[in-house]
Amino acid sequence: MSPNRIIVRTPATTANLGPGFDTFGLALDLWNEAVFCLEGQETYVDFTDSSASAGQLPTGGDNLIARSFAFLYEKQGLKPPSGVHITCTNRIPTGSGMGSSAAAVLSGLAAANTFLGNPLDQDALLGLATELEGHPDNAAAGIFGGLTVSLTEAGHIITRRFDVPPFCVALAIPCFYLPTRAARAALPECVPLKDAVYNISRAVMVVEALRNGDLDLLGQVLSDRLHQPYRFKLIPGCLSAQEAARSAGARAVALSGAGPGLLAFSAANDCPAVAQAMQQAFEAAGLACTSFVLATSRLGVQVEE
Ligand code: HSE
């Protein structure tokens, strides 16, 4: 018998990882939780007091979790349930570059799939998430956990998941409104061949460095010429936060997804100082800022019936 109440936990994710624009995803050990109950005659979403985004997000059928939930039913040719109550505990800050929208999309899709008796496998869920997100990188890491490499070929997503040893990462999230749409609009349509070669070679090395826990190699290759140079200019304090991170012991620093957050890899005992240094640099540039010290996650989305 299908359940009428389930809990979905979705991890934060960071995308791109320097040269892997729209390709790499990495799951982080920070989780949103959503409780879905089939009850009543309408869709409503509420937020627990501890939610990062309480008061900022829609509470009806236009909420991204609710839309993703209905989307899966519709894709299956079914009418969504008339009444769904979704209670969210959001720990992933919205608009941060930590995959909050992918987490919302996966939460809705995973819940709908579970209520329907799991007609879709993980690859099919990723296909739907990519339709909603526009790119597969955060969603892939959110589904599979670990490090993911994704691409679209002939309309299909091909993803591979790689185990990575536990890394400690520091993130600084400045309070700066940079919608992904705007961060993508800042990118050129064409790039010089030498920049493409720069990224191809480093992207392969990033996978090798992460799989082997090799911070020395990561520090040499976690750089990018396809998106960061254009996006750094949009975010006040970003370059000085990157420098501050390095001075505090970071071995490699990248924009987290489309930003505005910055992601730094370092030895675990340097991570708190790196997070603090980045936060202070953003604050010195006039932006309020929060920071996180997180482990990477081997797990992706979890459903509890
Ligand atoms: N790969 C995407 C980008 C991640 O950089 O625009 C943002 O969600």
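No experiment lies behind these values; they were computed from the predicted model shown. (Residues numbered from 1 in each chain as written. Predicted model: local features only at pLDDT ≥ 70, side-chain atom pairs only at ≥ 80, totals over all residues. Heavy atoms only, no water.)

Enquirer: Just checking my understanding: could you explain the packing of aromatic side chains for this structure?
Expert: Remark: the centre distance and the inter-plane angle together describe each pair of aromatic rings, the angle taken between the planes. The final tally for this structure, using the stated rule, is four aromatic pairs. When the ring of Phe36 is compared with that of Phe69, the centres are 5.7 Å apart and the planes differ by 20 degrees; the resulting orientation is stacked. You can see Phe36 sitting in strand S2 (residues 24–38) and its partner Phe69 sitting in helix H1 (residues 64–75), a full 33 residues away along the chain. For the pair shown, Phe36 and Phe69 are each scored as buried. Centroid distance Phe69 to Phe115: 6.0 Å. Interplanar angle 85 degrees. Geometry classified as edge-to-face. Of this pair, Phe69 sits in helix H1 while Phe115 is found in helix H2 (residues 100–115), placing the two residues 46 residues apart along the sequence. Linked through ring pairs, Phe36, Phe69, Tyr73 and Phe115 together constitute an aromatic cluster. (Phe/Tyr/Trp six-rings, centres within 6.5 Å; stacked < 30°, edge-to-face > 60°. Helix = DSSP H or I, 4+ residues; strand = E, 2+ residues; numbered from the N terminus. Buried < 20%, exposed > 50% of the residue type's maximum accessible area, 1.4 Å probe, protein only.)

Enquirer: I would appreciate a short explanation of the layout of surface pockets in the present structure.
Expert: If a probe as big as a water molecule is rolled over the atoms, it shows which places are left empty. Size it by volume and the largest pocket reaches roughly 1200 Å³. Surrounding the largest pocket, 50 residues form its lining, Thr94, Gly95, Ser96, Ser100 and Ser101 being those nearest its centre. Taken together, the elements giving at least two residues each to the lining of the largest pocket come down to H1, H2, helix H3 (122–133), helix H4 (137–144), strand S7 (168–174), helix H5 (180–185) and strand S10 (289–295). With five residues, H2 is the largest single contributor of residues to the lining of the largest pocket. Taken together, the residues of the lining of the largest pocket sort by class into 24 nonpolar, 19 polar and seven charged. (1 Å grid on protein atoms, 1.4 Å probe; cavity = no way out; pocket = protein on both sides within 12 Å on 5 of 7 lines; lining within 4 Å. Points joined across faces, edges and corners; volume = space filled by probe spheres on them. Nonpolar A, V, L, I, M, F, W, Y, C, P; charged D, E, K, R; others polar.)

Enquirer: I keep staring at unusual backbone geometry and nothing clicks. Help me out?
Expert: The step from Gly259 to Pro260 runs through a cis peptide bond, and the omega angle for that step is 5 degrees. Structurally, Pro260 can be placed in the loop between strand S8 (252–255) and strand S9 (262–265). Backbone geometry places Leu17, a non-glycine residue, at a positive phi of 50 degrees. Its place among the elements puts Leu17 in the loop between strand S1 (5–15) and S2. Classification of Leu17 by relative accessible area gives buried; the value is 0%.

Enquirer: Honestly, the pattern of salt bridges in this entry has me stumped. Any pointers?
Expert: One side chain can pair with another of opposite charge once the charged atoms of both are near each other. Enumeration according to the criterion identifies 10 salt bridges in this entry. As a salt-bridge pair, Asp163 and Arg298 come within 3.5 Å of each other at their nearest N and O atoms. Of the two residues, Asp163 sits in the loop between strand S6 (156–162) and S7 while Arg298 sits in the loop between S10 and strand S11 (302–304), which places them 135 residues apart along the sequence. Judged by relative accessible area, which is 38%, Asp163 ranks as partly exposed. Overall, the relative accessible area of 54% leaves Arg298 in the exposed class. Here Asp195 ties to Arg225 by a salt bridge, and the two come within 3.5 Å at their closest N and O atoms. (Salt bridge = Lys/Arg side-chain N within 4 Å of Asp/Glu carboxyl O.)

Enquirer: How should the environment of Ser150 be read in this particular structure?
Expert: In this fold, Ser150 is placed in strand S5 (residues 147–153). Here Ser150 falls in the buried class, since its relative accessible area comes to 1%. Distance in space between the C-alpha atoms of Ser150 and Arg161 is 8.8 Å, their sequence separation being 11 residues. There is a polar contact of 3.1 Å between the side chain of Ser150 and the side chain of Thr159. (Polar contact = N/O pair within 3.5 Å; in protein donor to acceptor, adjacent residues only side chain to side chain.)

Enquirer: Explain the site of the ligand to me, please; I cannot follow it from the model alone.
Expert: Residues in contact with the ligand, as listed here, are Asn16, Phe21, Asp22, His135, Asp137, Asn138, Thr180, Arg184, Arg231 and Ala258. Within the side chain of Asp22, a nitrogen or oxygen atom sits 2.5 Å from a nitrogen atom of the ligand. In isolation the ligand has 260 Å² of accessible area, and contact with the protein removes 94% of it. Taking a 2 Å distance to the grid points as the criterion, the majority of the atoms of the ligand fall inside the largest pocket. Looking at the shell around the ligand, the elements that each hand over two or more residues are H4 and H5. (Near = heavy atom within 4 Å. Areas by Shrake-Rupley, 256 points an atom, 1.4 Å probe, with all protein chains shown as cover. Sits in = over half its atoms within 2 Å of the grid points.)

Enquirer: Even after reading the chapter, I still don't get H3, so can you show me in this structure?
Expert: Note on helix geometry: an α-helix contains 3.6 residues per turn, so any two residues three or four positions apart are oriented the same way. Helix length check: H3, at 12 residues, gives a terminal C-alpha distance of 16 Å against a target of 16 Å (1.5 Å per residue), a fit within 8%. For H3, the set of buried residues is Leu125, Leu126, Leu128, Ala129, Thr130 and Glu133. Each element contacted by the buried residues of H3 is listed here: H1, H2, H4 and S6. If you check the start of H3, you find a side-chain oxygen 3.2 Å away from the backbone N of Asp123, and it comes from Asp121. Just downstream of H3 lies Gly134, where phi reads positive at about 95 degrees. (Expected span 1.5 Å × (residues − 1). Contact = heavy atoms within 4.5 Å.)

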